[in-house]
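Here is how the chains run, residue by residue.
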Amino acid sequence: MRVTWNSGVQIQHKEDGVILDYKRSSPSGSTFFISHGHFDHSAAFRIREARKYSSKETMDIVSSFGLHPENSSPVTVGERITIGDIEVIPHNSGHVLGSLEYEVRTPEGTVLFTGDFNTEATKTMRPAEPIQCDILILEATFGSPSFVFPRIEEVGEEMIRWARRVMRRGRIPTFQTDPLGNAQEIISLFNDSGIRVVTHWRVTLMSRIYESYGYDLEYFDEGSSEAEEIMREGEFIYVAPKNFTASDPGFEVALVSGWALLMGRTGFPLSDHADFPGLIRFVEECEPGVVLTCHGGRYDETLASYIERKLHIRSYPVKLIPTGIRKADREHLQTRF
Ligand SMILES: [Zn+2]
Ligand SMILES: [Zn+2]
């Protein structure tokens, strides 16, 4: 079995192969698995003729962006998809609606590809499932020891306190965030607090898909007459995409993202990714022989060297070199150095 970087994580066994979260839209002969609907993971949907697999939720999400999930098959948690000698089993990754990790089994060993994942339970998601594997391909978005998120309940309480303060000053508490994932967490949080939520159309679009899967979210699209009335009365929060620029000085803006930890301006570190301690705990639970880091830019290296030093497990960025594993290697892989 071979793991290589080919604009995505490529796993091959003899003549069979799959590519996970391909980043390009140019045709290739391979079979693609897509972990979730965020743009940086779902480019393979642009390749019409390619064979693709993802959750049904992810297919609905990318369809709403105008992509065509042709030649795509929906997969569910626990199902087994067979590609020649390779078997792929999806598991929950806890990141956003429909997000999956993929366990890829070959006769020579098992790989777990996390995609983006979260180890904490949130209002909308269950935590990612650790799976024992020979090779763990680990998302490194927050792969530096400085990323330690406070408890989600604490962040939520702080957001509500801030919103009340802003409303008392007669202004509009505005949360800039990812329309898929964090936005629905915010809606859910404020639904529990009794404060009404008005949404930007891009947040509305994603929230409707959550509702179609049985999520109970209450929000008012900014274009609706109810929203207009709420906005006249005051006392509401506004949820908008990250690139939203306030046209009205009445908006008081806060960023909601794990990156808020690094930023000087008002922000809240509510995240749909694992923080650093979460990443390390997940590695320990999966008990891999090798950890290949990805999706973290410069943190790929930071996280890998920490894993080598502290957990004594061989680790390096997946982009660095191809990783091979033969049946005879497996015993050796399992031995920590
Ligand atoms: Zn994501
Ligand atoms: Zn991502």
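Residues numbered from 1 in each chain as written. Chains lettered and ligands numbered in written order. Predicted model: local features only at pLDDT ≥ 70, side-chain atom pairs only at ≥ 80, totals over all residues.

Turning to the overall build of the chain, a few remarks are in order. Looking only at helices and strands, the chain has 8 helices and 20 strands in total. Along the first, second and third principal axes, the C-alpha set of the chain runs to 70 × 45 × 30 Å. Looking at the chain as a whole, 47% of its 337 residues are labelled buried. At a minimum sequence separation of 6, the contacts of the chain that also span at least 24 residues come to 58%. (Helix = DSSP H or I, 4+ residues; strand = E, 2+ residues; numbered from the N terminus. Buried ≥ 20, exposed ≤ 12 C-beta atoms within 10 Å, placed from the backbone. Contact = placed C-beta atoms within 7 Å.)

What follows covers the pairing of strand 13 (residues 196-199). Pairing of strand 13 with strand 15 (residues 236-241) involves 4 bridges; the strand directions are parallel. Its bridge partner lying in strand 15, Arg 196 is registered against Phe 236. Where strand 13 meets strand 14 (residues 220-221), 2 bridges bridge the pair, whose relative direction is parallel. Within the sheet, the bridge partner assigned to Val 198 lies in strand 14 and is Phe 220. (Pairing = 2+ DSSP bridges.)

Another aspect to go through is the nonpolar core. Counting residues in hydrophobic clusters, the biggest one holds 87 residues, and the most contacted among them are Ile 137 and Val 239. Among the domains, domain 1 (2-147 + 273-334) and domain 2 (152-268) are the pair contributing at least three residues each to this core. Val 239 has contacts with Phe 175, Thr 177, Ala 183, Ile 186, Ile 187, Val 197, Thr 199, His 200 and Val 203, leaving out every residue within four places of it along the chain. (Core = buried A, V, L, I, M, F, W, Y, C linked by C-beta atoms within 7 Å. Domains from an automatic or database assignment.)

Here we come to helix 1 (residues 56-64). Considered for burial, the residues of helix 1 that qualify are Thr 58, Met 59, Ile 61 and Val 62. All buried residues of helix 1 project into a common sector of 160° when viewed along the axis, lining one side. Summarising the contacts, the buried residues of helix 1 are in contact with strand 5 (51-54), strand 6 (72-74) and helix 4 (201-212). Phi turns positive, to about 95°, at Gly 66, one or two residues after helix 1. (Arc of directions from axis to C-beta.)

Quick look at the domain arrangement of the chain now. Taken as a whole, the chain is organised into domain 1 (2-147 + 273-334) and domain 2 (152-268). For domain 1 and domain 2, the distance between their C-alpha centroids amounts to 31 Å. In this complex, domain 1 contributes 17 residues to the contact, which on the side of domain 2 involves 14 residues.

Next up on the list: unusual backbone geometry. Positive phi is not limited to glycine here, since Glu 235 has a value of about 60°. As for its placement among the helices and strands, Glu 235 is situated in the loop between helix 5 (225-233) and strand 15. Look at Glu 235 and you get partly exposed, because 13 C-beta atoms sit within 10 Å.

Here we come to the sheet that holds strand 7 (residues 81-83). Pairing in this open sheet of 7 strands is mixed, and the strands run 7-8-9-10-11-18-19 from one edge to the other. Each having just a single partner strand, strand 7 and strand 19 (314-317) make up the two edges of the open sheet. Direction aside, the axes of adjacent strands within the sheet are offset by 20° on average. Pairing of strand 10 (residues 109-113) with strand 11 (residues 135-139) involves 3 bridges; the strand directions are parallel. (Axes fitted to C-alpha atoms, helices over the stretch in contact; angles between N-to-C directions.)

The next thing to look at is the sheet that holds strand 12 (residues 172-177). Here 6 strands make up an open sheet; going across it, the order is 14-13-15-12-16-17 and the pairing parallel. Looking along the sheet, the strands with just one partner apiece sit at the ends: strand 14 and strand 17 (267-268).

What follows concerns helix 2 (residues 152-168). Its 17 residues place the ends of helix 2 25 Å apart at the C-alpha level, agreeing with the 24 Å of an ideal helix rising 1.5 Å per residue. Buried within helix 2 we find Gly 156, Met 159, Ala 163 and Val 166. Angularly, the buried residues of helix 2 cover 90° about the axis, an arc narrow enough to put them on a single face. In helix 2, the exposed positions that point more than 90 degrees away from the buried face belong to Glu 153, Glu 154, Arg 161, Arg 165 and Arg 168. As for helix 2, its buried residues are in contact with strand 12, helix 3 (182-193), strand 15, strand 16 (251-256) and strand 17. Immediately downstream of helix 2, the backbone of Gly 170 shows phi near 80°, a positive value. (Expected span 1.5 Å × (residues − 1).)

This next bit is on the environment of Gly 181. With respect to the helices, strands and loops of the structure, Gly 181 is situated in the loop between strand 12 and helix 3. C-alpha separation for the pair Gly 181 and Gly 267, spaced 86 residues apart in sequence, amounts to 17 Å. Among all residues touching Gly 181, those that are not within four sequence positions of it are His 95, Val 96 and Asp 272.

As a further point, take the environment of Ser 64. By the element assignment, Ser 64 lies in helix 1. It is 13 Å that separates the C-alpha atoms of Ser 64 and Ser 42, two residues lying 22 residues apart in sequence. With residues near it in sequence (within four places) discarded, Ser 64 still touches Leu 205 and Ile 209.

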